[in-house]
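Chain and residue survey
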Amino acid sequence: MITVKGPLIMTPGPTYVDEEVRKALSNPITNPDIDPDFYEYYQDTCIKLQNLLNTENQVLILSGEGILGLEAACASLIEPGDKVLCIDNGIFGNGFGDFAKMYGAEVRYFKTNYRKAIDPQELELFLEENHDFKAATLVHCETPSGITNPVDQICPLLKRYGIITVVDSVSAIGGERLETDEWGMDIVLGGSQKCLSAPPGLTFLSISQAAWKVILNRKTPIASFYCNLANWKDWYEKQWFPYTQPISDIYGLRVAVDRWLEEDNPIARHAKLANGVRESLVSGGLKLYPLEGFSNTVTTISIPKGVTYHDIYDKMLKEHNIMITGAFGFLQDKVIRIGHMGENCYEEKLYLTLKALDLTLRSLGVELKGELDRTFVSAIK
Ligand SMILES: *Cc1c(COP(=O)(O)O)cnc(C)c1O
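Everything quoted here is computed from the prediction, not taken from an experiment.

**Focus: the overall build of the protein chain**
- For the protein chain, the count of helices and strands is 13 helices and 13 strands.
- Taken against the 2.2 N^0.38 rule, which gives 21 Å for 381 residues, the C-alpha radius of gyration of the protein chain at 21 Å falls within 12% of a compact globule.
- In terms of overall dimensions, the protein chain has a C-alpha envelope of 60 × 55 × 35 Å along the principal axes.
- A burial count over the protein chain gives 58% of its 381 residues as buried.
- Long-range contacts, defined as pairs at least 24 residues apart, comprise 70% of the intrachain contacts of the protein chain with a sequence gap of at least 6.
- Per element, the accessible surface of the protein chain, about 16,100 Å² overall, is 52% carbon and sulfur.

**Observations concerning the UniProt feature "binding site: substrate" (unreviewed entry) in the protein chain**
- Here the UniProt-annotated "binding site: substrate" (unreviewed entry) positions come out as R337.
- Beyond its immediate stretch of four places on either side in the chain, R337 contacts M10, P12, T143, P144, V298, T299, T300, I324, T325, G326, A327 and F328.

**Some points on the packing of helix α2 (residues 36-53) against helix α9 (residues 247-262)**
- Contact geometry of α2 with α9 gives a least axis separation of 10 Å together with a crossing angle of 35°. In this structure, α2 meets α9 at a crossing whose hand is left-handed. Residue-level contacts link F38, Y41, Y42, D44, T45, K48, L49, N51 and L52 of α2 to I247, I250, Y251, L253, R254, V257, D258, W260 and L261 of α9.
- Among the residues forming the contact of α2 with α9, the class breakdown is twelve nonpolar, two polar and four charged.

**Looking at the domain arrangement of the protein chain**
- You can read the domains of the protein chain as domain 1 (8-12 + 264-380) and domain 2 (19-262).
- Spacing between the C-alpha centres of domain 1 and domain 2 amounts to 28 Å.
- The interface is formed by 26 residues belonging to domain 1 together with 25 residues belonging to domain 2.
- Note on domain 1 versus domain 2: buried area summed over both sides is about 2,200 Å², and carbon and sulfur give 61% of it.
- On inspection of domain 1 and its partner domain 2, the count reaches one salt bridge.
- With its nearest N and O atoms 3.0 Å apart, the salt bridge here joins R259 to E343.

**Some points on the sheet that holds strand β10 (residues 202-207)**
- Taking strand neighbours across the sheet as the criterion, the seven strands line up as β2-β10-β9-β8-β5-β3-β4 in an open arrangement whose pairing is mixed. Two strands in the sheet have a free side with no partner beyond their single neighbour: β2 (58-63) and β4 (106-111). Taken over all neighbouring pairs, the strand axes of this sheet differ in orientation by 20° on average, direction set aside.
- Strand direction decides the pairing type here: strand β3 (residues 83-88) and β4, joined by six bridges, are parallel. Paired with D88 across the two strands is K111, which belongs to β4.
- Set on the sheet, α2 makes contact with β2, β9 (187-191) and β10; between it and β2 the angle comes to about 115°.
- Of the strands in this sheet, β2, β8 (164-168), β9 and β10 are in contact with helix α7 (residues 209-216), which crosses β10 at around 100°.

Reading guide: rules and limits
Throughout, a residue's number is its position along its own chain's written sequence, starting from 1. Per-residue local features of the predicted model are confined to residues with pLDDT of at least 70, and side-chain atom pairs are confined, for both listing and counting, to 80 or more; whole-chain, interface and lining totals are unaffected and use all residues. Based on all heavy atoms of the structure, the side-chain values leave hydrogens and waters out of the count. Helix numbers and strand numbers start at the N terminus; a helix is a DSSP run of H or I with at least 4 residues, a strand a run of E with at least 2. Each radius of gyration reported is based on C-alpha atoms, and the globular scaling rule is 2.2 Å times the count of residues to the power 0.38. Buried residues are those whose accessible area, probed at 1.4 Å on protein chains only, stays under 20% of the maximum for their type, while exposed residues exceed 50% and partly exposed ones sit between those limits. Any two residues whose heavy atoms approach within 4.5 Å at even a single point are treated as in contact. Here the Shrake-Rupley method, with its probe set to 1.4 Å, supplies the accessible areas, and only the displayed protein chains count as covering residues. UniProt positions are given in the numbering used here, feature names are shortened, and annotations may be inferred rather than shown by experiment. All axes are obtained by fitting lines to C-alpha atoms, using only the stretch in contact for helices, and the reported angles, taken between N-to-C directions, cover 0 to 180 degrees. Working rule for handedness: look at the near helix, and if it is turned counterclockwise from the far one by less than a right angle, call the crossing left-handed; if clockwise, right-handed. By the convention adopted, Pro, Cys, Tyr, Trp, Phe, Met, Ile, Leu, Val and Ala count as nonpolar, Lys, Arg, Asp and Glu as charged, and the other residues, Gly among them, as polar. The split into domains, and so the bounds of each, comes from an automatic or database assignment of domains. When two parts are brought into contact, each loses some accessible area as probed by a 1.4 Å sphere; the total of that loss over both is the buried area. Within this document, salt bridges are pairs made up of a side-chain nitrogen of Lys or Arg and a carboxyl oxygen of Asp or Glu, the two lying within 4 Å of each other. Pairs of strands are assigned from DSSP output, requiring at least two bridges between the strands.

So, in structure tokens, the structure goes:
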């Protein structure tokens, strides 16, 4: 049963929603289709997201969870027969290729070690030989494995060959550095429920001039209505939305974005606390799943021998009221994950989580060195 005061959710999204955001969700609504004030409000919210993404590109907020952004980018850019490069070092990276195929792309995978970040030098060598691509898909943070890819180096390499870059930054936006324009990211997409800590239900994306050119100059029509970004091109000038906007969700997102923008340095907070979490786990004798490229928004831990994911999950929840998660696909039952995203990325919450994990693992017979919570505290001093 879902109770009013549920467990501490320390999963890599959805994350804890602050009271200020929850209150905004219940603000009185207007009719967002016809009220000019709402068009201004939506526009202002997009401008705030431009600040967050460091871009002058147009930003849109769409009604649907992060996956919608991913599919909308593929549906709008790709025509049957287009060559698309799928940069793949994990479950989301690989899955991006499936979306491209759904819209008729001829997909070529650049697949690398799933325990490491994409190596820009390897990609550079690959591109020297193979660069006849209209677009490339890539993932900023591979959430299941806890790996952040160097998009700052990857996107400029792709742009050198005029390839449109489509970046799933759902689990990185707000927790990792992101310089959309400087790094040459054509489409960057994010979701409401990760580091921005609004409830799930919205996706937002920024679209460069180069990407708009492709979207608006296709030979074949876009085979979708809901995923058709072209429908949005002049929404402000025309004072027209393709469909009724989820106004309450946008109220919530707006407050979440404001909170992020008002904070002095949320990226540094994520880096510092993520580092503390990793140090605590490693000094305790646990093994992190990634060999390098550690994410600052989620930590993925290999499950120690002799215990199962369910043992850990159940005890954490029942005895400590803290929810952590495992992963899916090939990582199912192999790892557990702690999210340190947005509202969950605070010392107190991570301290409680590591303390509970320490007690849980010991009670399951796992030997640990030191105490996870204590090592965490000294690591972030
Ligand atoms: C969370 C997330 C999404 C959104 O997908 P869900 O399966 O609905 O959670 C997309 N991409 C990445 C990298 C994510 O972490």
